[in-house]
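Analysis of the macromolecular model
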Amino acid sequence: ASSLVGSEMCIRDSIWTVTGYQRVMDKAREMIDAARNEIYLRLFPQEADTLIPALKEAEERGVQVKCIFMEPFPGTFAIQVIHPQHEAVERSLGGRSFDLVVDKEEFIGGMFTAENIEECRINWGRNRWFVISGRDSLRHDFFHYFLYKTHTLNQPLDEEEKRFYKIIQNDM
């Protein structure tokens, strides 16, 4: 029994590399389908087109979906924002970032680059600190949105954005 526990811990602490766009999307859908409580994600429209049906099903099951779209996108989820300065992000990063955290337990994230999307290496794992880092990165993108709107654009948050802020602020 102790060797089984040890091997389960080893698997849980490992961070794996997933190569190939379709494999990454399949793993993301698997994670979304298994979600029970919450999903945080940051995605570009290309990945949104693939994942929205599964994400909407999760939201209909009562999973709270918190989405940062990397380009303007129609209202899709109860909690969503558009990343500030989204136009420059893909250019400065050299690709499309993709990050998904499910139930504070599992994270998949990385970068899809234009050169050869099938060779992109995306990381997946359940390592506690890996998941916390990914989730905090996504929470901070929400705060980036709030600060950009209030400080840079000098615009107040509307009532819906104030509601989002309270949710994200209290979501430790």
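Residues numbered from 1 in each chain as written. Predicted model: local features only at pLDDT ≥ 70, side-chain atom pairs only at ≥ 80, totals over all residues. Heavy atoms only, no water.

1. Some words on the packing of aromatic side chains
Under the defined criterion, the tally for this structure stands at ten aromatic pairs. With centroids separated by 4.3 Å and ring planes inclined at 15°, the aromatic side chains of phenylalanine 69 and phenylalanine 73 adopt a geometry described as stacked. Since its relative accessible area comes to 1%, phenylalanine 69 is described here as buried. Relative to phenylalanine 146, the ring of tyrosine 145 lies with its centre 5.7 Å away and its plane at 70°, an arrangement referred to as edge-to-face. Phenylalanine 146 matches tyrosine 145 in its accessibility class, with the two residues each being buried. Arginine 128 extends its terminal NZ or CZ atom over the ring of tryptophan 129, reaching a point 4.6 Å from the ring centre. (Phe/Tyr/Trp six-rings, centres within 6.5 Å; stacked < 30°, edge-to-face > 60°. Buried < 20%, exposed > 50% of the residue type's maximum accessible area, 1.4 Å probe, protein only. Lys NZ or Arg CZ within 6 Å of the ring centre and 35° of its normal.)

2. Regarding the nonpolar core
Counting residues in each nonpolar core, the largest one holds 31 residues, and the members touching the most others are Ile39, Phe98 and Leu100. Listed by contribution, the elements that provide at least two residues to this core are helix H2 (21–34), strand E2 (38–43), helix H3 (45–60), strand E3 (64–69), strand E5 (96–102), strand E6 (106–112) and strand E7 (121–125). One finds Phe44, Ile68, Val101 and Leu157 within the second-largest nonpolar core, a separate group that totals 19 residues. (Core = buried A, V, L, I, M, F, W, Y, C linked by side-chain atoms within 4.5 Å. Helix = DSSP H or I, 4+ residues; strand = E, 2+ residues; numbered from the N terminus.)

3. With respect to the sheet that holds strand E4 (residues 79–82)
Across the sheet, which stays open at both edges, the seven strands sit in the order E1-E7-E6-E5-E2-E3-E4 with mixed pairing between neighbours. Either end of the sheet is taken by a strand with one partner, and the two such strands are strand E1 (15–19) and E4. Within this sheet the neighbouring strands show an average axis-to-axis angle of 10°, counted without direction. Inspection of the sheet shows E2 paired to E5 by four bridges, in the antiparallel sense. The partner of tyrosine 40 across the bridge, within E5, is valine 101. In this fold helix H6 (residues 159–169) packs onto E2, E3 and E4, with an angle of close to 105° to the strand it touches most, E4. (Pairing = 2+ DSSP bridges. Axes fitted to C-alpha atoms, helices over the stretch in contact; angles between N-to-C directions. Contact = heavy atoms within 4.5 Å.)

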